[in-house]
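Take a look at the letters that make up each chain.
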Amino acid sequence: MFYDCVVVGAGPAGSTAAKILSSFGYRVLIIDSKIFPREKLCGGCVSAKIIDYIPQINSLAKASTNKAILSYKKTACLEIESKEPFAYFVERKTFDKYLLDSALENGCEFRNEKLLSLSYDDSGIEVFTNANNYKTIYLIGADGANSIVRKILHIKPKFLVKTLQVETIYYNDSNVNIDIGFKGLNYYWNFPQNGVWGIASTKKNINKLFFKYYGNDMLINPKGYFIPIAFSKKNLGKKNILLVGDAACLADPFSLEGIYNAIFSAHLAAASILSYPKNPCQAYSALADKILEENKYSYFISKIVLNFPYFSFFQLSKGNENALADYLIGKKSSKELFWLLLKSLYQKTIK
């Protein structure tokens, strides 16, 4: 069977790219090993910037927030507040199904199949699943953090962040709660809107750290997963095979939020196929510069916070609440925030 494009993965990135291509008359097949709607382990926190691509996000979300509480070792707190929401909270099972249904309504086909292997050369791409073989001109790998497509292409992330997330019955407030006070950790988070607590770290003893911090009371269904991080053009694919979202390791290295970049990269990948069909990966590499630069500076910020949590909290964060709010909303880039933090560091050093 022949398709103009085969999309591996029916999450936000895959469904978005498929919908765009099908709207331009491409015959698109989406394959996924899961039956939708399906459960997806995720904090469900989406940057407010997503409104650029999903204007109806407010109606799709369970809740939104315009206030974040940063804390240092559960004690000192810093409030960051904005007049408009800087994040929305979605149930991935519902959110992902909505995006897939939108793609199907636009003419895409969906098959519940698992990718086994690929063969590709100048004449095209052949896709082998557990049920069928397909031939295609283009392939989009949108199969998440454990991407089979990425592994077939022998592409590796720069590093992995481990997370552990649990559900809780506590719905104590409407804020985003982040604790950055432990060296070597990305952070602990509490999203009451979705009833989840979590930890993100590159350390090995993540389970021990989690329960030491939160305790064992009222915690149910603990699950862990990895977030692959990279900000290199090498992670975007090869020629007619493009990687998007977590398959391309495009989660934000500082906030670890991945849904916005997943959908953003899907738009760029689809645009690359449409605008430069002979070598879309070359066009994609150029278009993705903004994501890669943002992630690079986000990584720099994360390194400062990881290695100097006390200094970051008490010296750099305080006094920059408005700038941090603008960053969360999307009005300030990670590059701008990075240089602002360095400026603050310099001014405090010379005093």
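Structural data are supplied above this passage.
Residues numbered from 1 in each chain as written. Predicted model: local features only at pLDDT ≥ 70, side-chain atom pairs only at ≥ 80, totals over all residues. Heavy atoms only, no water.

Peer 1: Mind showing me how you'd approach the environment of T75 here?
Peer 2: Inspection of the secondary structure puts T75 in the loop between β5 (67–72) and β6 (76–81). Overall, T75 belongs to the exposed group, its relative accessible area being 55%. The sequence separation of T75 and L100 amounts to 25 residues, and the corresponding C-alpha distance is 43 Å. (Helix = DSSP H or I, 4+ residues; strand = E, 2+ residues; numbered from the N terminus. Buried < 20%, exposed > 50% of the residue type's maximum accessible area, 1.4 Å probe, protein only.)

Peer 1: Is there a simple way to explain empty space enclosed by the protein in this structure?
Peer 2: Over the atoms rolls a probe the size of a water molecule, and in doing so it shows where empty space is left. As enumerated under the stated definition, the model contains one cavity of 30 Å³ or more in all. Taken as a whole, the largest cavity spans an internal volume of roughly 30 Å³. Contributing to the lining of the largest cavity are N186, Y187, F254, S302, V305 and L306. In terms of residue count, the dominant contributor to the lining of the largest cavity is helix α8 (residues 289–307) (three residues). For the lining of the largest cavity, the class distribution of residues is four nonpolar, two polar and no charged. (1 Å grid on protein atoms, 1.4 Å probe; cavity = no way out; pocket = protein on both sides within 12 Å on 5 of 7 lines; lining within 4 Å. Points joined across faces, edges and corners; volume = space filled by probe spheres on them. Nonpolar A, V, L, I, M, F, W, Y, C, P; charged D, E, K, R; others polar.)

Peer 1: Just checking my understanding: could you explain the sheet that holds strand β7 (residues 87–89) for this structure?
Peer 2: Within a sheet, neighbouring strands are paired by backbone hydrogen bonds and run either parallel or antiparallel to one another. The sheet built from three strands is open, its strands ordered β3-β7-β4 with antiparallel pairing. Edge strands, defined here as strands with exactly one partner in the open sheet, are β3 (45–47) and β4 (63–65). Pairwise comparison of adjacent strand axes, ignoring direction, gives a mean angle of 30° for this sheet. (Pairing = 2+ DSSP bridges. Axes fitted to C-alpha atoms, helices over the stretch in contact; angles between N-to-C directions.)

Peer 1: Is there a simple way to think about the pattern of salt bridges in this case?
Peer 2: Counting across every chain of the model gives ten salt bridges. In this structure, R38 engages D96 in a salt bridge whose closest nitrogen and oxygen atoms are separated by 2.7 Å. With R38 in the loop between β2 (28–31) and β3 and D96 in helix α3 (residues 92–105), this pair connects stretches of sequence that are 58 residues apart. Across this residue pair, the class does not change: R38 and D96 are buried. As a salt-bridge pair, E84 and K331 come within 3.1 Å of each other at their nearest N and O atoms. Linking E84 in the loop between β6 and β7 with K331 in the loop between α10 (321–329) and α11 (334–350), this pair joins segments that are 247 residues apart in sequence. Looking at E84, the relative accessible area reads 34%, which means it is partly exposed. (Salt bridge = Lys/Arg side-chain N within 4 Å of Asp/Glu carboxyl O.)

Peer 1: Mind showing me how you'd approach the nonpolar core here?
Peer 2: One finds V127, L139, V149 and Y284 to be the most contacted residues of the largest nonpolar core, which totals 66 residues. For this core, the element with the most residues is helix α6 (residues 259–275), which contributes ten residues. Every residue in contact with L139, bar those within four places of it in the chain, is listed here: C5, V6, V8, L118, I125, V127, V149, N240, I241 and L242. With 36 residues, the next largest nonpolar core counts A68, A87, I178 and Y297 among its residues. (Core = buried A, V, L, I, M, F, W, Y, C linked by side-chain atoms within 4.5 Å. Contact = heavy atoms within 4.5 Å.)

Peer 1: Teacher, can you tell me more about the pairing of strand β1 (residues 2–8) here?
Peer 2: Most of β1 is tucked away, with five of its seven residues classed as buried. Inspection of the sheet shows β1 paired to β2 by four bridges, in the parallel sense. When the sheet's bridge partners are listed, V8 is paired in β2 with I31.

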